[in-house]
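# Secondary and tertiary structure notes
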Amino acid sequence: MAVKMQRVLVVDDEAHVRILLTEILKMEGFFCYQAANGKEALAFMDEAPADLVLMDIRMPVMSGMDAFRIMRDKWPEVPVIMTTAFAGVDTAVEAMKLGAYNYISKPFNNAEIILTVKRGLEIQSLTREVETLRKVVRTRYSINNIIGKSAGMQEVFKSIGRVAPTNTTVLIQGESGTGKELVAKAIHYNSIRSQGPMVNLNCAAIPEGLLESELFGHEKGSFTGAVNRQKGKFELAAGGTIFLDEISEMSPNLQAKLLRVLQDREFQRVGGMQPILADVRVIAASNKDLSESIREGRFREDLYYRLNVVQISIPPLRERREDIPLLVDHFISRCNEETGKQVQQVSEDAFSQLSGYAWPGNVRELENAVERAVVMGQGGVIMSEDLPVSLQGLNAGAAIPALDIKGGSLKEMMEGVEADILKNALDETGWNRVKTAEKLKMSRKALIYKIEKYGLTPS
Ligand SMILES: Nc1ncnc2c1ncn2[C@@H]1O[C@H](COP(=O)(O)OP(=O)(O)OP(=O)(O)O)[C@@H](O)[C@H]1O
Ligand SMILES: [Mg+2]
């Protein structure tokens, strides 16, 4: 791609000044066009906005100040540099207060002009880039990209809508792959802190000894290896959100420290003396049930209450199967877009497999299965063969995977089959005994008896 020439609009009532400025900038590879007063400049901008404007303050017909005010409102992203005779510097400073990018006083110093214009353009392109990235991020993490019509997901959406605009601490609970991080991002990017950073910390992924320094930073020389002062995640997240993932894995020692930060809203770097303001919103997530961790003595109850100001529980996918078709559609269109494939349909067999499977890896597992099927599939239809083997043989009416019948007496073989059927049905309902018993039209008591008899455990 050819590099686009950057356009500078030079505005001055004196022709020789315009020519001089144009010559200097042309030599630096800029494309220049000229206007003799503010009114002409605005007309040019209407036709084709420049990337940067260099404009005299005092001009007949319409002054640079008046033209600047209009430009600022109409083309806020275009930097304007005011030029002025030395006597007019006060006015130029005034213009800067109103948002002009900079000013240059006459007589001109060529190097200063070139430098100021280049800097102005650099900043402008950075601003544009940041704006574009922000837009991308905002659409990606908008609540519209979280799919689900089930009652459970409707509750999740309601909670997101309610907590996003506040500064409240949020605890997100849900099995692996249910969308905890997605929800955390939706909250951050729809909050008043959305312009600030979102900093993630996976508490399970960092060795215990390093976690404190990761969270709060350290001073130079505070421990062997601390060669420089370093900011921690709490400091890096200032003005934004910190996402503490897998919070259940945090050591007792650190739980105590985190509790103190949440209470006092301040912390210290490791080896530091000064308190630092914790200007962050905390979102924590766990795929373990924290109340169970408390019962087992592995999680502090007081910390739990601090984190659990608002709780969002994302149900496992097997408990909201009505979301599966929507999610499948969503992942197919996204994958089509990314790969240029044109998958439009899912065969009946494949569909009943997708709907019937227990999805222990939840939405992430479904996402991977659909992506794989879109890539592997031929002819625009996802067939049963395109799905992972773990789903194969789960057709409606034949909800029994290939049976592994071992030899022995008929009774032993029958029991083997029975155990397989029970285990499969239990896995499908996520070991919900009531639902499983209903499905197999047997009593719950009989089911529990058989689970014990065959020593069945979740996959
Ligand atoms: N409701 C949903 N709509 C669309 N995509 C979803 C939904 N839920 C999850 N996903 C997608 O599934 C994948 C897993 O989600 P995410 O990483 O947020 O899960 P998680 O709960 O944080 O998992 P883990 O506990 O393993 O960290 C992501 O690619 C995410 O975009
Ligand atoms: Mg996660």
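This is a predicted model, so every value here is computed, not measured.

## Remarks on the overall build of the protein
- The secondary structure content of the protein amounts to 18 helices and 16 strands.
- What you see for the protein is a C-alpha radius of gyration of 32 Å, clearly larger than the 23 Å of a compact globule of 459 residues, by over 25%.
- Overall, the C-alpha framework of the protein stretches about 110 × 65 × 40 Å when taken along its three principal axes.
- Here the protein holds 459 residues, and the buried ones make up 44% of them.
- Considering only residue pairs separated by 6 or more positions, the protein has 69% of its internal contacts joining residues 24 or more positions apart.
- Put simply, the protein shows about 24300 Å² of open surface, and 54% of that area lies on carbon and sulfur atoms.
- Separation of charge centres in the protein, based on 56 positive and 60 negative side chains, amounts to 3 Å.

## Quick word on helix 14 (residues 348-356)
- Buried within helix 14 are the following residues: Ala350, Gln353, Leu354 and Gly356.
- In this fold, the buried residues of helix 14 make contact with helix 13 (324-339), strand 15 (345-346), helix 15 (362-376), strand 16 (381-382) and helix 16 (410-428).

## Side note on the domain arrangement of the protein
- When the domains of the protein are assigned, the result is domain 1 (7-136), domain 2 (143-315), domain 3 (320-391) and domain 4 (410-454).
- The centre of domain 1, based on its C-alpha atoms, is set 78 Å off from the matching centre of domain 4.

## So, unusual backbone geometry
- Residue Pro107 follows Lys106 across a cis peptide bond; omega there is 0°.
- Position of Pro107 relative to the elements: it lies in the loop between strand 5 (102-106) and helix 5 (110-140).
- Phi is positive for Glu246, close to 50°, though the residue is something other than glycine.
- Mapping Glu246 onto the fold places it in the loop between strand 10 (241-245) and helix 10 (252-264).
- The exposure class of Glu246 is partly exposed, given its relative accessible area of 24%.
- With phi around 55°, Asn362 is a residue other than glycine that occupies positive phi space.
- Take Asn362: it is sitting in helix 15.

## Things to note about the packing of aromatic side chains
- Taken as a whole and assessed by the stated rule, the structure comprises seven aromatic pairs.
- An angle of 40° between the planes, with centres 6.3 Å apart, marks the rings of Phe31 and Tyr33 as tilted.
- Looking at Phe31, the relative accessible area reads 41%, which means it is partly exposed.
- Each member of the aromatic cluster is reached from another via a ring pair, and the members are Phe31, Tyr33 and Phe44.

## Focus: the sheet that holds strand 14 (residues 310-313)
- If you walk across this open sheet you meet the five strands as 7-10-13-6-14, and the pairing is parallel. Sheet topology places strand 7 (198-202) and strand 14 at the edges, where each strand pairs with a single neighbour. Neighbour-to-neighbour, the strand axes of this sheet turn through a mean angle of 20°, independent of strand direction.
- Sheet strands touched by helix 6 (residues 151-163): strand 6 (170-173), strand 13 (281-286) and strand 14. Its angle to strand 14, the strand with the most contacts, is close to 150°.

## With respect to the nonpolar core
- Counting residues in each nonpolar core, the largest one holds 31 residues, and the members touching the most others are Leu215, Phe234, Leu244 and Ile247.
- Listed by contribution, the elements that provide at least two residues to this core are strand 7, helix 8 (208-216), strand 10, helix 10, strand 13, helix 11 (290-295) and helix 12 (301-307).
- Broken down by element, the residue count for this core peaks at five residues, all from helix 10.
- Every residue in contact with Ile247, bar those within four places of it in the chain, is listed here: Cys203, Leu258, Ala284, Ala285, Ser286, Leu290, Phe299 and Leu307.
- Membership of the second largest hydrophobic core comes to 24 residues, among which are Leu9, Val11, Met45 and Ala100.

## Some words on the site of ligand 1
- For ligand 1, the set of nearby residues contains 18 residues, the closest of which are Ile147, Ser176, Lys180, Arg364 and Glu367.
- Ser176 is positioned with one of its side-chain polar atoms (N or O) 2.7 Å from an oxygen atom of ligand 1.
- For ligand 1, an oxygen atom lies 2.9 Å from a polar atom in the side chain of Arg364.
- Given that more than half its atoms are within 2 Å of the pocket grid, ligand 1 belongs to the largest pocket.
- For the shell around ligand 1, the residue count by class is seven nonpolar, six polar and five charged.

Criteria and cut-off values
Residues numbered from 1 in each chain as written. Chains lettered and ligands numbered in written order. Predicted model: local features only at pLDDT ≥ 70, side-chain atom pairs only at ≥ 80, totals over all residues. Heavy atoms only, no water. Helix = DSSP H or I, 4+ residues; strand = E, 2+ residues; numbered from the N terminus. Rg over C-alpha atoms; globule rule 2.2 N^0.38 Å. Buried < 20%, exposed > 50% of the residue type's maximum accessible area, 1.4 Å probe, protein only. Contact = heavy atoms within 4.5 Å. Areas by Shrake-Rupley, 256 points an atom, 1.4 Å probe, with all protein chains shown as cover. Lys, Arg positive; Asp, Glu negative; His and termini not counted. Charge placed at Lys NZ, Arg CZ, Asp CG, Glu CD. Domains from an automatic or database assignment. Phe/Tyr/Trp six-rings, centres within 6.5 Å; stacked < 30°, edge-to-face > 60°. Pairing = 2+ DSSP bridges. Axes fitted to C-alpha atoms, helices over the stretch in contact; angles between N-to-C directions. Core = buried A, V, L, I, M, F, W, Y, C linked by side-chain atoms within 4.5 Å. Near = heavy atom within 4 Å. Polar contact = N/O pair within 3.5 Å; in protein donor to acceptor, adjacent residues only side chain to side chain. 1 Å grid on protein atoms, 1.4 Å probe; cavity = no way out; pocket = protein on both sides within 12 Å on 5 of 7 lines; lining within 4 Å. Sits in = over half its atoms within 2 Å of the grid points. Nonpolar A, V, L, I, M, F, W, Y, C, P; charged D, E, K, R; others polar.

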